[in-house]
Amino acid sequence: MSLVTLLPFIVLIGAMFLMTRSAKKKQQQAASMRNELQPGSGVRTIGGMYATVKEVNEDSVLLDAGPGVDLLFAKNSIGAVLSDDEYNRIVHGIEHDLDADGSVVPDDASSLTETDEPAADASSDASDDKPLDLGKKDVAAEPSDKPAEAKADEADEAEPKKTDGESDAK
């Protein structure tokens, strides 16, 4: 056998090796993260529930999901261990040191459009401008010499009428 015939098989085996290697690495990272769980840390389950670790056992974790709500989960169901800042931001809505300089971004754009001119001058300038009509013009609004019925008759005469059984197919 020549090298050219073996090349596709070699490439396929190499690709399979690389894919399984990356999957094993991810599994090892997840296992080490779950083994480092400690009571008091905030976690997110694979189902998307946020809770605080209350107790860690060999294969299970007791989570505190709220006042008086303790839930028992398998360790494999823990999706991520969150930092304290991230957990408080998500669960309690506490923003921690996000804005150190103290500037506040407004919720609306009104502060960006304000000018130093008095409001009376701005309203008089706006009233001088004609409103711009971007809509389609109505057919009835256009002046016409013929009534609407005559226009409809002309449109019908321009196109031959079809009878039963006739079609445009060729």
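Structure: above.
Residues numbered from 1 in each chain as written. Predicted model: local features only at pLDDT ≥ 70, side-chain atom pairs only at ≥ 80, totals over all residues. Heavy atoms only, no water.

Peer 1: Account for the overall build of the chain, naming residues and giving values.
Peer 2: Counting its regular elements, the chain contains five helices and five strands. Each helix and strand of the chain, placed in order from N terminus to C terminus, yields the pattern α-β-β-β-β-β-α-α-α-α. Each of the 170 residues in the chain was classed as buried or not, and the buried ones make up 11%. Of the contacts formed within the chain by residues at least 6 apart in sequence, a portion of 36% connects residues at least 24 apart. Within the structure as shown, the chain displays about 14700 Å² of accessible surface, and the carbon and sulfur contribution to it stands at 55%. (Helix = DSSP H or I, 4+ residues; strand = E, 2+ residues; numbered from the N terminus. Buried < 20%, exposed > 50% of the residue type's maximum accessible area, 1.4 Å probe, protein only. Contact = heavy atoms within 4.5 Å. Areas by Shrake-Rupley, 256 points an atom, 1.4 Å probe, with all protein chains shown as cover.)

Peer 1: Run through a nonpolar patch on the surface, naming residues and quoting values.
Peer 2: Taken together, L3, L6, F9 and I10 make up a surface patch of nonpolar side chains, about 420 Å² in accessible area. Its place among the elements puts L3 in helix α1 (residues 3–35). (Patch = residues over 30% accessible without salt bridge, like charges linked within 9 Å, V, L, I, M, F, W, Y side chains within 5 Å. Salt bridge = Lys/Arg side-chain N within 4 Å of Asp/Glu carboxyl O.)

Peer 1: Requested: an account of the pairing of strand β1 (residues 42–45), with residues and values cited.
Peer 2: Bridge count between β1 and strand β2 (residues 50–56): three bridges; the pairing is antiparallel. Note on β2: the bridge partner recorded for G42 is T52. Taken together, β1 and the strand that follows it, β2, pair antiparallel across an intervening segment of four residues, in which G48 is found at a positive phi of about 95 degrees. (Pairing = 2+ DSSP bridges.)

Peer 1: Hey, could you go over the pattern of salt bridges for me, with residue numbers and the actual values?
Peer 2: In total, this model carries one salt bridge according to the counting rule given. Where D70 meets K54, a salt bridge forms, and the shortest distance between an N and an O atom there is 2.8 Å. Linking D70 in strand β4 (residues 69–74) with K54 in strand β2, this pair joins segments that are 16 residues apart in sequence.

Peer 1: Just give me the short version of the pairing of β4, but keep the residues and values in it.
Peer 2: Across six bridges, strand β3 (residues 60–66) lies against β4 in antiparallel orientation. Bridged to S60 within β4 is A74. The antiparallel pairing of β3 with β4 creates a hairpin that spans two residues between the two strands, and G68 there sits at a positive phi of about 80 degrees.

Peer 1: Could you give an account of the side chain of R34, with specific residues and numbers?
Peer 2: Mapped onto the fold, R34 is located in helix α1. The side chain of R34 is buried and forms no salt bridge, while D59, the nearest opposite charge, is found at 11 Å. (Lys, Arg positive; Asp, Glu negative; His and termini not counted.)

Peer 1: How would you explain the nonpolar core if you had to name every residue and give the values?
Peer 2: Membership of the largest hydrophobic core is limited to eight residues, which are M33, L37, V43, A51, V53, V61, L63 and I78. Taken together, the elements giving at least two residues each to this core come down to β2 and β3. Once residues within four sequence positions are removed from consideration, L37 is found in contact with V43, V53, V56, V61, I78 and V81. (Core = buried A, V, L, I, M, F, W, Y, C linked by side-chain atoms within 4.5 Å.)

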